[in-house]
Amino acid sequence: MDTSMHHPSAGQTLSELILSHAAGQQVHAGDLVIVPVDRCMTHDSLTPEIIDALEKNLGVNRIYDPERVAVVMDHVAPAASVQTANAQVRTRRWVAQQGIRHFYDVGAGVCHQVLIEERLVLPGQVAIGSDSHATSYGAIGAFGTGMGTGDLALILASGRTWLRVPETIRVQVVGRFRKNVSPKDISLYLCGMLGLDGATYQAVEFHGVDWLSLDGREVLAGMSTEIGAKVGIVPPSGEIASRYNVPEWLRVQPGAHYVRTIEVDLNTLGSQVAVPPEVDHIAPASELGDVKVDQVFVGTCTNGRLEDLHILAELLKGHKLAAGVRLLVIPASHRILQAAAEDGTLSILLAAGATLGTPGCGPCIGRHMGVIGADEVCLSTANRNFRGRMGDPNARIYLASPEVAAATALRGSISDPANL
Amino acid sequence: MNILGRVWKYGDNVDTDAIIPARYLNTTIESELASHCMEDIDAAFAKGVRPGEIIVAGANFGCGSSREHAPLAIKASGIACVVAKSFARIFYRNALNIGLPILECAPAVEATEASQTLEVNLAQGTIRNTSTGKVYQATPFPPFMLELIAAGGLVPYTKHKLAEKG
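These numbers come from a predicted model, not from an experiment.

Details of the packing of aromatic side chains
Across all of its chains, the model carries eight aromatic pairs over all chains by this definition. For the pair Tyr-10 of chain B and Phe-45 of chain B, a centre-to-centre distance of 6.5 Å together with 65° between the ring planes defines the contact as edge-to-face. Here Tyr-10 of chain B, found in the loop between β1 (2–9) and α1 (16–19), pairs with Phe-45 of chain B, found in helix α3 (residues 45–48); they are 35 residues apart in sequence, far enough to count as distant. The burial state of Tyr-10 of chain B is the same as that of Phe-45 of chain B; both residues are buried. When the centroid spacing of 6.0 Å and the interplanar angle of 80° are considered together, the rings of Phe-61 of chain B and Phe-87 of chain B count as edge-to-face. Taken together, the positions of Phe-61 of chain B in the loop between β2 (54–57) and α4 (69–76) and Phe-87 of chain B in the loop between β3 (81–84) and α5 (89–97) put the pair 26 residues apart, joining distant regions of the chain. For the pair shown, Phe-61 of chain B and Phe-87 of chain B are each scored as buried. Three or more aromatic residues link up through ring pairs in this structure, and these residues are Tyr-201 of chain A together with Phe-61, Phe-87, Phe-91 and Tyr-92 of chain B. Of note, Arg-119 of chain A hangs over the ring of Tyr-244 of chain A, and the distance from its end group to the ring centre comes to 4.3 Å. Positioned above the aromatic ring of Trp-162 of chain A is the side chain of Arg-93 of chain B, whose terminal nitrogen or guanidinium carbon lies 4.0 Å from the ring centre.

Listed below in structure tokens is the structure:
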């Protein structure tokens, strides 16, 4: 797509608007910009390497602005080995020494969920995380994206980073969800349609979902990284507009240029399942055949929120897990765990036979708390099913919505919740 | 910068869990990362790879996590260059940031088989298949990027530039 044909006076996409505001000049897709980073997030998995890059390689002993930094312990939390425990000791010392006030220790939850709950990312901001699912911040209309150790070290040192302004794919959602279909099904459907690299270097904007909750928006934004997108942004309307002060300049512009538009019709969308070992191997839950599972995992920055736990509880209420199935539930944050305890959700899940884990990433990245063994099958509400992701390379991971997770936990094999 | 090496060939969507599984992320010791590189998709790689060899892969190489361990593991294994049809966004940044040369060139990938030998000229962006004699053109790196790769990555490059400024 030749973006030079796009006249600068025409409307801008949300990514263009946010990066123009950050750069202090009007920019369009294809431009390279250096922008201040409003929020920089690092987690326990990469912070020790970032400290090394800063101190040993760059010789920077004071970060640029501790107030703009947040550090969250979520990837291996609580520590699963002496090695990770020692790495975490080092991170805590560094956090104290740098005067980083926004520090969230073991049990606070998954970094992206914590940052949104604590209002550490706001609509229109640029937020960079040491994690690919930092696209989640698009749920509230922020430009959120993930980078690696070197980039994060330089952001901590300088307060700024460079970005190429992305082209944007417009996803136009029409209709409303059918029974037991939810935002994860939109995301998985898009993965199947566009493929793992369908939006590489690009932004995705989700329209037609003004009615969608914050929880649901986080699914769409976070999962955008699975099609290679730099950001996934939902226009800050509805629930977001009522919860936040959305800046006046952050409005969808009619003349904005999109490289393509994809329509997703909820009137016909059913439950989707990602079949191992790729997130874009998508099959309708109704056509999978008989896939027996050993473990059902409900959690992560993708589908471990209160809304997800409510769905699970509603479908499991008064029932027991199928024989031979383990159900592992890990709320995405401490606040979610607390709310689920107070409103009775946890009692229902425990009565059904669920096992609870400490808020955080859980076994999503295969490092602790529920990793799976050779030839085991896990139905997970997380975001990646690559070979070896959750433990043994010969384990198999299927990805789906909390509704499919509930149906599967009850039947013992992957099931379409439409029939519940 | 000329690279002459034997080819390790892979398909599309080689993800970061395949390059270095998360279960080994407790370390940044390069030899340890290298010893597990590609382990889940090619058990022969870590033992068989020799310094200066080249990975040739399909589309979306390095998709998945933001872990810089992925390009680090590849670089530490001795691989001198990755040629792919395309790279995932974060991997692209991370690879150059740690000084691992990567080139996008679909025709070269399609015409290259495992164990053939490629000669890569980074300044000119040329990829020559010594088995067939055919030459393929990728976008050459600008001088600053060659300098950054030679310095060992973005962080040492920035340190060097800051020192130059005095």
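Describing the sheet that holds strand β10 (residues 231–233) of chain A
All names here are of chain A. The strand order across the open sheet built from four strands is β10-β9-β8-β11, with neighbouring strands paired in parallel fashion. Since the sheet does not close on itself, it has two edges, and those belong to β10 and β11 (260–265), each with one partner. Here the strands of the sheet are splayed against their neighbours by 20° on average, with no regard to which way each runs. As defined by bridge partners, strand β8 (residues 168–174) adjoins β11 across six bridges and the pair is classed as parallel. Within β11, the position partnered with Arg-170 by the bridge is Thr-261. Contacts from helix α1 (residues 14–23) reach β8, β9 (203–207) and β10, with the element oriented near 110° to β10.

Re the nonpolar core
Counting 92 residues, the largest nonpolar core has Ile-55, Phe-61, Ile-74, Phe-91 and Ile-127 of chain B as the members making the most contacts within it. Residues lining this core come from more than one domain, with at least three contributed by each of domain 1 (14–164) and domain 2 (167–265) of chain A. Judged by nonpolar contacts, the second largest core, of 60 residues, contains Ala-142, Ile-311, Leu-312 and Ile-414 of chain A.

Quick word on the environment of Leu-154 of chain A
Turning to its location among the elements, Leu-154 of chain A is positioned in helix α5 (residues 149–158). For the pair formed by Leu-154 of chain A and Leu-288 of chain A, sequence separation is 134 residues and the distance between their alpha carbons is 46 Å. Among residues more than four places away in sequence, those in contact with Leu-154 of chain A are Leu-58, Gly-159 and Arg-160 of chain A together with Leu-154 and Thr-158 of chain B.

Here's the deal with the domain arrangement of chain A
Residues and elements named next belong to chain A. Domain annotation for chain A reports domain 1 (14–164), domain 2 (167–265) and domain 3 (274–419). Placing a centre on the C-alpha atoms of domain 2 and another on those of domain 3 gives a separation of 24 Å. Contacts between the two partners involve 19 residues from domain 2 and, on the opposite side, 23 residues from domain 3. Here domain 2 packs against domain 3, burying approximately 1,700 Å² in sum over the two surfaces, 54% of which is carbon and sulfur. For domain 2, the biggest contributors to the area lost against domain 3 are Asn-180, Lys-184 and Leu-196; these three give 33% of the whole. Between the two partners, domain 2 and domain 3, sit two salt bridges. Salt-bridge contacts for Glu-226 lead to Arg-384; the nearest nitrogen and oxygen are separated by 3.0 Å. The interface formed by domain 2 and domain 3 holds 12 residue pairs in polar contact (both at pLDDT 80 or more) in total. Only α6 (183–194) and α7 (214–223) provide two or more residues apiece to the side of domain 2 that touches domain 3. Within the side of domain 2 that touches domain 3, the residues separate by chemical class into six nonpolar, seven polar and six charged.

Describing the interface of chain B and chain A
Listed as interface residues are 32 residues of chain B and, on the opposing side, 43 residues of chain A. Summed over both partners, the interface of chain B with chain A comes to about 3,000 Å²; 51% of that surface belongs to carbon and sulfur atoms. Sorting the residues of chain B by area buried against chain A places Arg-89, Arg-93 and Val-155 of chain B first, and these three jointly supply 25% of that buried surface. The interface formed by chain B and chain A includes two salt bridges. Here Arg-389 of chain A ties to Asp-17 of chain B by a salt bridge, and the two come within 3.3 Å at their closest N and O atoms. Run the count over chain B and chain A and you get 21 residue pairs in polar contact (both at pLDDT 80 or more). Elements represented by at least two residues in the side of chain B that touches chain A include exactly α5 and α8 (154–165) of chain B. Among the elements that line the side of chain B that touches chain A, the one with the most residues is α5 of chain B, at six residues. Taken together, the residues of the side of chain B that touches chain A break down into nine nonpolar, 13 polar and 10 charged.

So, the sheet that holds strand β5 (residues 117–121) of chain B
Residue and element names in this part refer to chain B. The strand order across the open sheet built from seven strands is β4-β3-β2-β1-β5-β6-β7, with neighbouring strands paired in mixed fashion. Lying at the two open borders of the sheet, with one neighbouring strand each, are β4 (102–104) and β7 (135–137). Strand-to-strand twist of the sheet, defined as the mean angle between neighbouring strand axes without regard to direction, takes the value 30°. Pairing of β1 with β5 involves five bridges; the strand directions are antiparallel. Residue Arg-6 lies in a different strand from β5, and its bridge partner there is Thr-117.

What counts, and at which threshold
- Residues numbered from 1 in each chain as written.
- Chains lettered and ligands numbered in written order.
- Predicted model: local features only at pLDDT ≥ 70, side-chain atom pairs only at ≥ 80, totals over all residues.
- Heavy atoms only, no water.
- Phe/Tyr/Trp six-rings, centres within 6.5 Å; stacked < 30°, edge-to-face > 60°.
- Helix = DSSP H or I, 4+ residues; strand = E, 2+ residues; numbered from the N terminus.
- Buried < 20%, exposed > 50% of the residue type's maximum accessible area, 1.4 Å probe, protein only.
- Lys NZ or Arg CZ within 6 Å of the ring centre and 35° of its normal.
- Pairing = 2+ DSSP bridges.
- Axes fitted to C-alpha atoms, helices over the stretch in contact; angles between N-to-C directions.
- Contact = heavy atoms within 4.5 Å.
- Core = buried A, V, L, I, M, F, W, Y, C linked by side-chain atoms within 4.5 Å.
- Domains from an automatic or database assignment.
- Buried area = accessible area lost by both parts, 1.4 Å probe.
- Salt bridge = Lys/Arg side-chain N within 4 Å of Asp/Glu carboxyl O.
- Polar contact = N/O pair within 3.5 Å; in protein donor to acceptor, adjacent residues only side chain to side chain.
- Nonpolar A, V, L, I, M, F, W, Y, C, P; charged D, E, K, R; others polar.

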